Amino acid sequence: MTQPTDSILIVDFGSQVTQLIARRVREAGVYSEIAPFNSAAEAFGRMAPKGIILSGSPASVLEEGSPRIPQVILDSGLPIMGICYGQQVLMAQLGGTVTLGDSGEFGSAVIEVTDSCALFDGLWATGDTHQVWMSHGDKVTELAPGFRPVAASKGAPFAIIADDARHYYAMQFHPEVVHTPDGAKLIANFARHVCGLAGDWTMAEFRAAKIAAIRAQVGRGRVICGLSGGVDSAVAAVLIHEAIGEQLTCVFVDHGLMRSQEADQVVSLFRNHYNIPLVHVNAEALFLGGLAGLTDPEAKRKFIGATFIDIFEEEARKIGGAEFLAQGTLYPDVIESVSFTGGPSVTIKSHHNVGGLPERMNMKLVEPLRELFKDEVRVLGRELGLPEIFVGRHPFPGPGLAIRIPGEVTKERCDILRKADAIYLEEIRAAGLYDAIWQAFAVLLPVRSVGVMGDGRTYDNVLALRAVTSTDGMTAVAFQFPGDFLPRVATRIVNEVKGINRVTYDYTSKPPGTIEWE
């Protein structure tokens with residue numbers, strides 16, 4: 001299958017939330033791709049899109065050498081929608097004026113619709129007020145010829161602008177984030193009403209397109225797929241197997257850092273349910289030996305990533321050679337490690353299967369899920385027929401329990417955490433809360449506290465419980481358990497897990513925290 005003819009190109013100027021734009025477009029039933037500003041001209045020629053969306057950016061259009069829109073896009077005559085920096089750069093290149101504001105707008109703001117335009121069809125009326133999410137310091141102070149204001153906020157008189165003749169629309173706020181309640185509808189209006197697209201693209205089409213892309217990339221080559229125990233690598237493996245069949249061999253590296261009984265579940269699913277060739281490598285001693293003495297999170301991630309690759313390369317040699325390594329890398333992994341498409345994004349932390357890969361790796365990567373968020377992967381998993389109990393499981397990081405044990409990782413600490421985590425998840429399932437939570441897990445802290453058990457003094461480990469709700473993993477808030485839940489879980493853990501005498505709950509949102517502790 002070829003790429004859909006009805007598509008929208010998203011030009012990435014380095015925003016941390018660019019992929020959310022692609023999600024909103026896809027939710028409207030329209031295919032989209034992201035390209036960095038410095039290769040957007042090539043993507044434009046390849047895709048022949050029906051519309052363009054310009055992302056936000058950490059850059060300022062007032063800085064020398066700041067990103068610009070390729071001229072071929074401005075000369076195309078296609079509809080354009082600019083978001084935040086996208087509005088500013090559009091004005092800067094078309095004859096408007098952008099200045100450094102006296103004070104920026106960051107967070108929730110209220111805009112008033114001052115005039116009608118096609119972007120508002122069936123959605124907003126003149127005089128309406130709406131909540132939006134602002135994040136800007138610079139602002140437009142003079143519009144380019146042909147533009148008119150259609151909405152304003154207290155800090156942005158040109159909150160939304162329109163050039164009806166050219167079908168150009170731009171806004172100072174971010175419609176792609178959930179904090180702008182009608183933002184997804186604005187993006188859908190642009191895709192369907194302004195660009196005139198039918199909105200009939202589905203995950204079935206994504207599946208077919210990816211199968212074709214995998215076949216084109218791999219040819220007759222052999223592929224090793226690393227299974228981590230999570231849904232991402234499982235979906236990637238089943239998708240690749242559908243594309244190339246017995247050219248795929250899955251390798252499940254049991255690094256001794258899995259949750260309780262998880263290794264058995266993974267092996268059973270792939271050997272018994274899908275009949276996909278699977279190599280099960282017991283490497284607990286190797287990983288725990290290498291982690292001994294490591295306390296820095298980046299060092300742990302990079303060691304785990306490098307050791308995974310060593311094992312995969314060894315297994316590839318055993319089966320007669322494999323040219324490709326498949327991984328279940330998702331977009332949140334990528335954007336927190338490196339810029340997704342080469343633009344000026346900010347690194348937050350390395351992931352074992354992204355920033356942690358050694359440069360000397362001898363295999364080429366196959367990453368069919370690289371453009372998707374977790375909830376989209378679940379939809380694809382259901383499309384591929386994976387069992388719901390597997391598709392619906394909470395995210396689990398490739399480095400496993402190693403990044404849920406701040407400080408040094410030992411077998412004893414892994415066993416303590418495994419048992420406590422199993423109790424926590426068992427109670428969540430028993431309370432019927434599992435599907436309401438995005439991710440729940442326990443963290444064994446490098447802290448000891450004094451306690452009293454029976455008539456004796458204890459000096460044991462502290463455990464932190466974490467549970468969050470999220471739609472895409474880019475932002476998250478702590479889950480609010482019913483009043484008696486956490487005390488019940490804490491009591492069970494302290495009573496049943498030797499080595500823990502205190503339990504805490506992590507209420508931190510993302511941002512400022514990340515979901516995992518390391």
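Residues numbered from 1 in each chain as written. Predicted model: local features only at pLDDT ≥ 70, side-chain atom pairs only at ≥ 80, totals over all residues. Heavy atoms only, no water.

## Topic: the overall build of the protein chain
And step 1. The helix and strand inventory of the protein chain stands at 15 helices and 18 strands.
And step 2. Radius of gyration (C-alpha) of the protein chain: 25 Å, near the 24 Å computed for a compact globule of 518 residues.
And step 3. Expressed along its principal axes, the backbone C-alpha trace of the protein chain runs to roughly 75 × 60 × 40 Å.
And step 4. By the burial criterion, 59% of the 518 residues in the protein chain qualify as buried.
And step 5. For the protein chain, long-range pairs separated by at least 24 residues make up 75% of all intrachain contacts whose partners lie at least 6 apart in sequence.
And step 6. On the protein chain, roughly 20200 Å² of surface is accessible, and the fraction owed to carbon and sulfur atoms is 52%.
And step 7. For the protein chain, the distance from the average site of its 46 positive side-chain charges to the average site of its 60 negative ones is 5 Å. (Helix = DSSP H or I, 4+ residues; strand = E, 2+ residues; numbered from the N terminus. Rg over C-alpha atoms; globule rule 2.2 N^0.38 Å. Buried < 20%, exposed > 50% of the residue type's maximum accessible area, 1.4 Å probe, protein only. Contact = heavy atoms within 4.5 Å. Areas by Shrake-Rupley, 256 points an atom, 1.4 Å probe, with all protein chains shown as cover. Lys, Arg positive; Asp, Glu negative; His and termini not counted. Charge placed at Lys NZ, Arg CZ, Asp CG, Glu CD.)

## Looking at the packing of helix α14 (residues 411–430) against helix α15 (residues 485–496)
And step 1. Two elements in contact, α14 and α15, have axes whose closest approach is 10 Å; the angle formed by their N-to-C orientations is 145°. Relative to α15, the crossing made by α14 is right-handed. Across from Lys419, Ala420, Ile423, Tyr424, Glu426, Glu427 and Ile428 in α14, the residues of α15 making contact are Phe485, Arg488, Val489, Arg492, Ile493 and Glu496.
And step 2. Class assignment for the residues of the contact of α14 with α15 results in seven nonpolar, no polar and six charged. (Axes fitted to C-alpha atoms, helices over the stretch in contact; angles between N-to-C directions. Left-handed = near helix turned anticlockwise from the far one by under 90°. Nonpolar A, V, L, I, M, F, W, Y, C, P; charged D, E, K, R; others polar.)

## With respect to the nonpolar core
And step 1. Counting residues in each nonpolar core, the largest one holds 94 residues, and the members touching the most others are Phe270, Tyr424, Ile428 and Phe481.
And step 2. When residues of this core are assigned to their parent elements, the largest contribution, ten residues, is made by helix α7 (residues 231–244).
And step 3. Setting aside residues no more than four positions away along its own chain, Tyr424 makes contact with Ala440, Phe441, Ala442, Leu465, Arg466, Ala467, Phe481, Phe485, Val489 and Tyr505.
And step 4. Within the second largest apolar cluster, 36 residues are counted, among which are Val30, Met81, Ile160 and Ala191. (Core = buried A, V, L, I, M, F, W, Y, C linked by side-chain atoms within 4.5 Å.)

## Observations concerning the pattern of salt bridges
Close approach of charged atoms allows side chains of opposite charge to pair.
And step 1. This structure, assessed with the given rule, holds 31 salt bridges.
And step 2. Ionic pairing is found between Arg259 and Glu262, a salt bridge with its closest N-O pair at 2.7 Å.
And step 3. One connected set of salt bridges, linked through shared partners, spans Arg23, Arg24, Arg26, Glu27, Asp375 and Glu376. (Salt bridge = Lys/Arg side-chain N within 4 Å of Asp/Glu carboxyl O.)

## A few points about the packing of aromatic side chains
Each aromatic ring pair is characterised by the separation of its centres together with the angle its planes make.
And step 1. Under the defined criterion, the tally for this structure stands at 14 aromatic pairs.
And step 2. Ring centres of Phe270 and Tyr274 lie 6.3 Å apart, and the angle between their planes is 40°; this geometry places the pair in the tilted category.
And step 3. Judged by relative accessible area, which is 1%, Phe270 ranks as buried.
And step 4. Ring-pair connections join several aromatic residues into one group, and the members of that group are Tyr424, Phe479, Phe481, Phe485, Tyr505 and Tyr507.
And step 5. Looking at Arg393, its charged tip hangs above the ring of Phe390, at a distance of 4.2 Å from the centre. (Phe/Tyr/Trp six-rings, centres within 6.5 Å; stacked < 30°, edge-to-face > 60°. Lys NZ or Arg CZ within 6 Å of the ring centre and 35° of its normal.)

## Here we look at unusual backbone geometry
And step 1. Cis geometry is adopted by the peptide bond preceding Pro511, which originates at Lys510 and carries an omega value of -15°.
And step 2. Positioned with a positive phi, Cys84 is a non-glycine residue whose angle comes to about 55°.
And step 3. The backbone of His167 sits at a positive phi, close to 60°, despite the residue not being glycine.
And step 4. Checked against the element boundaries, His167 lands in the loop between β8 (160–163) and β9 (168–171).
And step 5. Under the relative-accessibility criterion, His167 is labelled partly exposed at 36%.

## Brief notes about the pairing of strand β2 (residues 31–36)
And step 1. With six of its six residues buried, β2 lies for the most part within the structure.
And step 2. Neither face of β2 is left uncovered, since the one carrying Tyr31, Glu33 and Ala35 and the one carrying Ser32, Ile34 and Pro36 both have all their residues buried.
And step 3. Note that the unit made of strand β1 (residues 7–12), helix α1 (residues 18–27) and β2 has a crossover that is right-handed. (Right-handed = clockwise from strand over helix to strand, strands pointing away.)

## Things to note about α15
And step 1. With twelve residues, α15 should reach 16 Å at 1.5 Å per residue; the first-to-last C-alpha distance of 17 Å fits that figure.
And step 2. The set of residues buried in α15 consists of Phe485, Leu486, Val489, Ala490, Arg492, Ile493 and Val494.
And step 3. For α15, the secondary structure elements touched by its buried residues are α14, β15 (439–453), β16 (456–469) and β18 (500–505). (Expected span 1.5 Å × (residues − 1).)

## Quick word on the environment of Leu372
And step 1. Here Leu372 lies in the loop between β14 (364–366) and α12 (374–383).
And step 2. For Leu372, a relative accessible area of 1% puts it in the buried group.
And step 3. Through-space distance from the C-alpha of Leu372 to that of Leu384 is 15 Å; in sequence the pair is twelve residues apart.

## So, helix α5 (residues 183–194)
And step 1. Taking 1.5 Å per residue, twelve residues should reach 16 Å; α5 reaches 15 Å between its end C-alpha atoms and fits that length.
And step 2. Restricting attention to buried positions, one finds in α5 the residues Gly183, Leu186, Ile187, Asn189, Phe190, Ala191 and Val194.
And step 3. Its buried side turned inward, α5 meets β1, α1, β3 (51–54), β4 (80–83) and β9.
And step 4. Once α5 ends, the next one or two residues include Gly196, with phi positive near 75°.

Keep in mind these numbers describe shape, not what the thing actually does.
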